[in-house]
Amino acid sequence: QVELVESGGGSVQAGGSLTLSCRVSGYPNRRYCLGWFRQLPGKEREGVAVVRISSGSTDYADSVKGRFTISQDKAKNTLTLQMNSLKSEDSAMYYCAAAITGHFGGLWQWGCTFGGWGQGTQVTVSS
């Protein structure tokens, strides 16, 4: 199975920055997308950013474009989300996720079916 472990969450003042990291293991040759999602209690999980492993292309939610940057380090099997100019509405539980070739079922976003999830890391932005 694929395993993902997030770190880097915390509390920050509006306008500040945080960097989230995700350690990814399992199915190294079958991952085709890695992404970040966020969720508030009672709300649906929202896609934040995605990177397509083969091409390196990325997509972002409109709400974070120009402020967040997703990147991957293939050699280290890590995924990073750099968050700048944070707003109070960015507060959420953030999850990293992986889409695996041949694994069916999961959350569909940006042409990827995400079925592997981390445990989540909390981000709190004070206004």
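Residues numbered from 1 in each chain as written. Predicted model: local features only at pLDDT ≥ 70, side-chain atom pairs only at ≥ 80, totals over all residues. Heavy atoms only, no water.

### Notes on the nonpolar core
Most often, soluble globular proteins have nonpolar side chains that are buried together.
Moving on, step 1. Trp-36, Leu-81, Met-83 and Tyr-94 are the most contacted members of the largest nonpolar core, which totals 29 residues.
Moving on, step 2. In terms of residues, this core owes the most to one element, strand β9 (residues 92-100), which gives 5 residues.
Moving on, step 3. Apart from the residues lying within four places of it in its own chain, the contact partners of Leu-81 are Leu-18, Thr-19, Leu-20, Trp-36, Val-48, Ala-49, Phe-68, Thr-69, Ile-70 and Tyr-94.
Moving on, step 4. Cys-33, Phe-37, Trp-110 and Cys-112 belong to the second-largest nonpolar core, a separate cluster that totals 8 residues. (Core = buried A, V, L, I, M, F, W, Y, C linked by side-chain atoms within 4.5 Å. Buried < 20%, exposed > 50% of the residue type's maximum accessible area, 1.4 Å probe, protein only. Helix = DSSP H or I, 4+ residues; strand = E, 2+ residues; numbered from the N terminus. Contact = heavy atoms within 4.5 Å.)

### Here's the deal with the sheet that holds strand β7 (residues 68-73)
Moving on, step 1. One open sheet accounts for 4 strands, arranged β1-β3-β8-β7; its pairing is antiparallel. Because the sheet does not close on itself, it has two edges, and the strands there are β1 (3-7) and β7. The average angle at which neighbouring strand axes cross in this sheet is 15 degrees, direction not considered.
Moving on, step 2. Here 6 bridges tie β7 to strand β8 (residues 78-83), and the two strands are oriented antiparallel to one another. Considered in β8, the bridge of Gln-72 is made with Leu-79. (Pairing = 2+ DSSP bridges. Axes fitted to C-alpha atoms, helices over the stretch in contact; angles between N-to-C directions.)

### Topic: the pattern of salt bridges
Any two side chains of opposite charge can pair, so long as their charged atoms come close to each other.
Moving on, step 1. Throughout the structure, instances matching the rule amount to 5 salt bridges.
Moving on, step 2. Where Glu-46 meets Arg-38, a salt bridge forms, and the shortest distance between an N and an O atom there is 3.0 Å.
Moving on, step 3. Assessed through its relative accessible area of 33%, Glu-46 is described here as partly exposed.
Moving on, step 4. On the basis of relative accessibility, which here comes to 7%, the residue Arg-38 falls in the buried class.
Moving on, step 5. For the salt bridge of Asp-59 with Arg-52, the shortest nitrogen-to-oxygen distance reads 2.6 Å.
Moving on, step 6. The exposure class assigned to Arg-52 is partly exposed, which follows from its relative accessible area of 21%.
Moving on, step 7. The structure contains a network of salt bridges with shared partners spanning Arg-38, Glu-46, Arg-67 and Asp-90. (Salt bridge = Lys/Arg side-chain N within 4 Å of Asp/Glu carboxyl O.)

### Considerations on the state of the cysteines
Moving on, step 1. Counted under the stated rule, the structure contains 2 disulfides.
Moving on, step 2. Assigning the bonded cysteines of the chain consecutive numbers by sequence position, one obtains the connectivity 1-3, 2-4. (Disulfide = S-S within 2.5 Å.)

### A word on the pairing of strand β12 (residues 121-126)
Moving on, step 1. Taking every second residue as pointing to the same face, the buried face of β12 carries Thr-121, Val-123 and Val-125, while none of Gln-122, Thr-124 and Ser-126 on the other face is buried.
Moving on, step 2. Where strand β2 (residues 10-13) lies against β12, 4 bridges are found, and the strand directions are parallel. Each residue of the ladder has a partner; that of Val-12, found in β12, is Val-125.
Moving on, step 3. Where β9 and β12 come together, 3 bridges link them in antiparallel fashion. By the bridge assignment, Met-93 is partnered in β12 with Gln-122.

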